[in-house]
Amino acid sequence: MDIISQLQEQVNSIAAITFNAFGTLQRDAPPVQLSPNYPEPASAAAAPAATTTATDADPTAAFPEQPKQLSADLVKAAKQFDALVAALPLSEGGEEAQLKRIAELQEENDVIGQELQKQLEAAEKELKQVQELFGQAADNCLNMKKPE
């Protein structure tokens, strides 16, 4: 896989991690009272959990650790992206060298294009000859009489 494809894949990975992190935080965040004018939100921790552990009974029990883990995952993905960016080849010589290289590549492209055009013309000429010979052979076959 080339470096650009790897960069695209890493950007998609960062987007997925971010999307999942926000969704997880929204889902698992404990309720918070928005204003003193509203009643205290119902807490899931108020329900008794006699036979289960705290994390089984209350998915928000591990919430304080979740942002740390999600942030670590996001930072790791961002560092991988930075490493891929650092692996990109540097353009040497500045803009003038790039323009010169573009001109060289354009010249090479033109030469190859002319060569391909000549090959296409030769192939079309050969196709025309083959079609003529096929037509002659078909005519000869049709004009032949079957032996009696």
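Just so it is clear, the model here is predicted, and its values are computed rather than measured.

1. A word on the overall build of the protein chain
1) Next: Within the protein chain, the regular secondary structure consists of four helices and zero strands.
2) Next: Mapped from its N terminus to its C terminus, the protein chain presents α and β elements in the order α-α-α-α.
3) Next: Sequence separation of 24 or more characterises 73% of the internal contacts of the protein chain that already satisfy a separation of 6 or more.
4) Next: When the accessible surface of the protein chain is split by element, carbon and sulfur atoms take 59% of a total near 12,800 Å².

2. Some words on the UniProt feature "coiled-coil region" (unreviewed entry) in the protein chain
1) Next: The UniProt record marks residues 102–140 with the feature "coiled-coil region" (unreviewed entry), using the residue numbering of this structure.
2) Next: Measuring from the first to the last C-alpha atom of residues 102–140 gives 56 Å, for a span that is 100% helix and 0% strand.

3. Quick look at the pattern of salt bridges
1) Next: According to the stated counting rule, one finds three salt bridges in the structure shown.
2) Next: With its nearest N and O atoms 2.7 Å apart, the salt bridge here joins Asp 28 to Arg 27.
3) Next: With a relative accessible area of 61%, Arg 27 lands in the exposed category.
4) Next: Here Arg 101 and Glu 104 are joined by a salt bridge, their closest N and O atoms 3.7 Å apart.

4. Topic: helix α3 (residues 66–86)
1) Next: With 21 residues, α3 should cover 30 Å at 1.5 Å per step; its first-to-last C-alpha distance of 30 Å lies within 8% of that length.
2) Next: Looking only at α3, the buried set comprises Gln 66, Leu 70, Ala 77 and Leu 84. On an axial view of α3, the arc spanned by its buried residues comes to 45°, and they lie on one face. Exposed positions of α3 whose direction lies more than 90 degrees from the buried face are Lys 68, Lys 76, Lys 79 and Ala 86.
3) Next: Elements that come into contact with the buried residues of α3 comprise α1 (3–28).

5. A closer look at the side chain of Thr 24
1) Next: As for its position among the elements, Thr 24 is in helix α1.
2) Next: Given the relative accessible area of 16%, Thr 24 is considered buried.
3) Next: Those residues in contact with Thr 24 that lie beyond four places of it in its chain are Ala 29, Gln 66 and Leu 70.

6. Re the packing of α1 against α3
1) Next: At a minimum axis distance of 10 Å, the contact between α1 and α3 shows a crossing angle of 170°. On the basis of their axis angle, the class for α1 and α3 is roughly antiparallel. Of the residues in α3, those touching α1 at Ile 3, Gln 6, Leu 7, Gln 10, Val 11, Ile 14, Ile 17, Thr 18, Ala 21, Thr 24, Leu 25 and Asp 28 are Gln 66, Pro 67, Leu 70, Asp 73, Leu 74, Ala 77, Ala 78, Gln 80, Phe 81, Leu 84 and Val 85.
2) Next: Here the contact of α1 with α3 is composed, by residue class, of 15 nonpolar, six polar and two charged.

7. What to know about the confidence of the model for the protein chain
1) Next: This prediction gives the protein chain a mean pLDDT of 84; 84% of its residues lie at or above 70.
2) Next: In this model, residues 47–55 is a region of pLDDT below 50 whose contacts with residues beyond four sequence positions or in other chains number four contacts.

Each value, and the rule that gives it
Residues numbered from 1 in each chain as written. Predicted model: local features only at pLDDT ≥ 70, side-chain atom pairs only at ≥ 80, totals over all residues. Heavy atoms only, no water. Helix = DSSP H or I, 4+ residues; strand = E, 2+ residues; numbered from the N terminus. Contact = heavy atoms within 4.5 Å. Areas by Shrake-Rupley, 256 points an atom, 1.4 Å probe, with all protein chains shown as cover. UniProt positions renumbered as here; feature names shortened; annotations may be inferred. Salt bridge = Lys/Arg side-chain N within 4 Å of Asp/Glu carboxyl O. Buried < 20%, exposed > 50% of the residue type's maximum accessible area, 1.4 Å probe, protein only. Expected span 1.5 Å × (residues − 1). Arc of directions from axis to C-beta. Axes fitted to C-alpha atoms, helices over the stretch in contact; angles between N-to-C directions. Parallel < 35°, antiparallel > 145°, perpendicular 65-115°, else oblique. Nonpolar A, V, L, I, M, F, W, Y, C, P; charged D, E, K, R; others polar. pLDDT = per-residue confidence, 0-100.

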